[in-house]
Amino acid sequence: MGIDEFVMSYEKEIRMGFFFGMLAVIGLWELIAPRRTLSVSKTVRWLNNLGLVFFNSFIIRLVFPVAAIGVAAAAQGNHWGLFNTIEISVGLAAILSIVIMDFVIYVQHVMVHAIPVLWRLHRVHHADLDYDVTTGARFHTLEIILSMAIKFATIVLLGPPVFAVIIFEVILNATAMFNHGNIRLPKSIDRVLRLLVVTPDMHRVHHSVEDDETNSNFGFSLPWWDRMFGTYRDQPRAGHTGMTIGIHKFKDPKQVLWITGMLTLPFKGKISHYAINRRTWTDSKDNEL
Ligand SMILES: [Zn+2]
Ligand SMILES: [Zn+2]
C-alpha cells in the first residue's frame, strides 16, 4: 500500500487519533502547569466548546461529500493544479504545499478580522471568556464551511500530494490545540520555539480584548507570516496573567459560553466599523469588538 492509499483508507482514524491525543496531552498539561487561572466553569466551557466541535463535524459531512484528501486525489487524477502539471519531486511538492496552505490560512485569518460580516463569524472563536485547548477548536459552523471551501479551492489550484494534505491538516489541528493551551512554558524555550511554531504566549496576544493586540499574531502554525507582513507582536501590554481574554461587548455567559449562544452570536448587533482598521479602542456604541 502506497502512502496515499494508506492516508485515503485511514483518514478518519488519523485525524481523530491526533485530535484526541492532543486533547489529552494539552488537557493534562493544563492541569499540571496552568498559565492563567480560569474565570468561568471549565466543565461548562468544555462541554459547549467540544459540543460545537462535534456538531460542526456532523454538519461538514452533510455539506461536503468528500474530504480535502478526496479533492487532492481528484486533482491528481485530472492533472489539476500547479504541482500536478509541472515537473517536481513529490517531497518538494509536499513541503511547498504545506507551507503555502499555511500561508493561505494566515491570509484567511487576516481576512475574517478585516471584513465585518466575516468577523461576525470569527467572533465566536474570540468570544471565549477563557483561553485553553478547547478554544483552539471552537469556530462557528459557517466559518468552518468557509474554511473548507477555501481549502478545497487552494487544493484544486495547487495540486498538492494527497499525503501532504493530511499532514497539513494534522499539523494545523495539533498546533492550534497546542498554541491555545493554557500552559506554562519557560520563557527561554518559548523564545526558541516561536522561531519555528506559534506558541501559546504568542497566540494568546491575539485573544486580548484590546483591538491593537487582537489584530496581531494571526498565524496558526508557522510564525513567519506575522513577522514578514508586519502583524507580529511580542507580548500583551498587561502581561499574560493580567490581560483580559475575549471581546469587550460580549460577556453574557448565555451568549458566549453556551452552544446556542455561540451559534446565534454572528447575528447579534448591527454591522458597523471595519474591524481591522480600528487600532485603538474607543468605547463607542457601534463598536463591534
Ligand atoms: Zn482571530
Ligand atoms: Zn485563536
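Anyway, here's the lowdown on the structure attached to this text. (Residues numbered from 1 in each chain as written. Chains lettered and ligands numbered in written order. Predicted model: local features only at pLDDT ≥ 70, side-chain atom pairs only at ≥ 80, totals over all residues. Heavy atoms only, no water.)

**Topic: the coordination of the zinc ion (ligand 1)**
- Coordination of the zinc ion (ligand 1) by the protein comes from His109 (NE2), His113 (NE2), His122 (NE2), His126 (NE2) and His206 (NE2), over a distance range of 2.1 to 2.2 Å.
- Read N to C, the donor residues that coordinate the zinc ion (ligand 1) are spaced as H-x3-H-x8-H-x3-H-x79-H. (Donors = N, O, S within 2.8 Å, 3.2 Å for Na, K, Ca; no water.)

**Some remarks on the side chain of glutamine 255**
- As for its position among the elements, glutamine 255 is in helix 13 (residues 253-256).
- A relative accessible area of 14% places glutamine 255 in the buried class.
- Here the side chain of glutamine 255 touches glycine 261 through a polar contact of 2.9 Å, landing on its backbone oxygen.
- Not counting chain neighbours up to four residues away, the residues in contact with glutamine 255 comprise Phe250, Gly261, Met262, Thr264, Leu265 and Lys268. (Helix = DSSP H or I, 4+ residues; strand = E, 2+ residues; numbered from the N terminus. Buried < 20%, exposed > 50% of the residue type's maximum accessible area, 1.4 Å probe, protein only. Polar contact = N/O pair within 3.5 Å; in protein donor to acceptor, adjacent residues only side chain to side chain. Contact = heavy atoms within 4.5 Å.)

**Considering the nonpolar core**
- Ile155 and Val165 are the most contacted members of the largest nonpolar core, which totals 29 residues.
- Of all the secondary structure elements, the ones that give two or more residues to this core are helix 4 (68-77), helix 5 (90-114), helix 7 (141-158) and helix 8 (162-179).
- When residues in this core are grouped by element, the largest group, nine residues, is from helix 8.
- When sequence neighbours within four positions are dropped, the list of residues in contact with isoleucine 155 reads Ala68, Val71, Ala72, Ala75, Met101, Pro160 and Val165.
- Core analysis: the second largest hydrophobic core is formed by 14 residues, Trp46, Leu50, Ala137 and Met177 among them. (Core = buried A, V, L, I, M, F, W, Y, C linked by side-chain atoms within 4.5 Å.)

**A look at the coordination of the zinc ion (ligand 2)**
- Coordination of the zinc ion (ligand 2) by the protein involves His125 (NE2), His180 (NE2), His203 (NE2) and His207 (NE2), with metal-donor separations of 2.1 Å.
- One way to put it: the four donor atoms around the zinc ion (ligand 2) meet at angles of 92 to 160°, and that makes the site irregular.
- A separation of 5.4 Å is found between the zinc ion (ligand 2) and the zinc ion (ligand 1). Residue histidine 125 is found in helix 6 (residues 116-126), and its partner histidine 207 is found in the loop between helix 10 (200-204) and helix 11 (211-214); the two are separated by 82 residues along the sequence.
- Taking the relative accessible area as the measure of exposure, histidine 125 reaches 0% and is therefore buried. (Tetrahedral: all angles 85-135°; square planar, octahedral: opposite > 155°, others 65-115°.)

**Notes on the environment of histidine 140**
- Its location among the elements puts histidine 140 in the loop between helix 6 and helix 7.
- Taking the C-alpha atoms as reference points, histidine 140 and histidine 113, separated by 27 residues in sequence, lie 14 Å from one another.
- Not counting the four nearest positions on each side in its chain, histidine 140 is found in contact with Asn56, Leu121, Val124, Met262, Leu263, Pro266 and Phe267.
- Within the structure, the side chain of histidine 140 is placed 3.0 Å from the backbone nitrogen of leucine 142, a separation counted as a polar contact.
- Within the local environment of histidine 140, its side chain forms a polar contact with the backbone oxygen of leucine 263, the two atoms lying 2.9 Å apart.

**As for the packing of helix 5 against helix 6**
- Put simply, helix 5 and helix 6 touch, their axes get as near as 6 Å, and they point 105° apart. Classed by the angle they form, the pair helix 5 and helix 6 counts as roughly perpendicular. Together, His109, Met111, Val112, His113 and Ala114 of helix 5 and Pro116, Leu118, Trp119, His122 and His126 of helix 6 make up the contact between the two elements.
- Grouping the constituent residues of the contact of helix 5 with helix 6 by class yields six nonpolar, four polar and no charged. (Axes fitted to C-alpha atoms, helices over the stretch in contact; angles between N-to-C directions. Parallel < 35°, antiparallel > 145°, perpendicular 65-115°, else oblique. Nonpolar A, V, L, I, M, F, W, Y, C, P; charged D, E, K, R; others polar.)

**Here we look at the packing of aromatic side chains**
- Counted by the stated rule, this structure contains eleven aromatic pairs.
- With centroids separated by 6.4 Å and ring planes inclined at 20°, the aromatic side chains of phenylalanine 20 and phenylalanine 54 adopt a geometry described as stacked. Taken together, the residues span a long stretch of sequence, with phenylalanine 20 in helix 2 (residues 11-32) and phenylalanine 54 in helix 3 (residues 42-63) at a distance of 34 residues.
- Residue classification places phenylalanine 20 among the partly exposed positions, given a relative accessible area of 38%.
- Between the aromatic rings of tyrosine 106 and phenylalanine 218, the centroid separation amounts to 6.3 Å while the plane-to-plane angle is 85°, which identifies the pairing as edge-to-face. Taken together, the positions of tyrosine 106 in helix 5 and phenylalanine 218 in the loop between helix 11 and helix 12 (224-229) put the pair 112 residues apart, joining distant regions of the chain.
- Exposure remark for tyrosine 106: the relative accessible area of 5% places this residue in the buried category.
- With relative accessibility at 1%, the residue phenylalanine 218 sits in the buried group. (Phe/Tyr/Trp six-rings, centres within 6.5 Å; stacked < 30°, edge-to-face > 60°.)

**Observations concerning the packing of helix 5 against helix 8**
- Where helix 5 meets helix 8, the axes come as close as 9 Å, and the angle between the chain directions of the two elements is 40°. As far as their axial angle goes, helix 8 and helix 5 are oblique. For the crossing formed where helix 5 meets helix 8, the hand is right-handed. Along its contact with helix 5, which presents Val90, Ala94, Ser97, Ile98, Met101, Asp102 and Ile105, the element helix 8 presents Phe163, Ala164, Val165, Ile167, Phe168, Ile171 and Leu172.
- Grouping the constituent residues of the contact of helix 5 with helix 8 by class yields twelve nonpolar, one polar and one charged. (Left-handed = near helix turned anticlockwise from the far one by under 90°.)

**As for the pattern of salt bridges**
- Taken as a whole and assessed by the stated rule, the structure comprises 13 salt bridges.
- Notably, a salt bridge pairs aspartate 212 with arginine 233, separated by 3.4 Å at the nearest N-O pair. With a gap of 21 residues between them, aspartate 212 in helix 11 and arginine 233 in the loop between helix 12 and helix 13 connect regions that are remote in the sequence.
- Connected via shared salt-bridge partners are Glu11, Arg15, Lys151 and Glu169. (Salt bridge = Lys/Arg side-chain N within 4 Å of Asp/Glu carboxyl O.)

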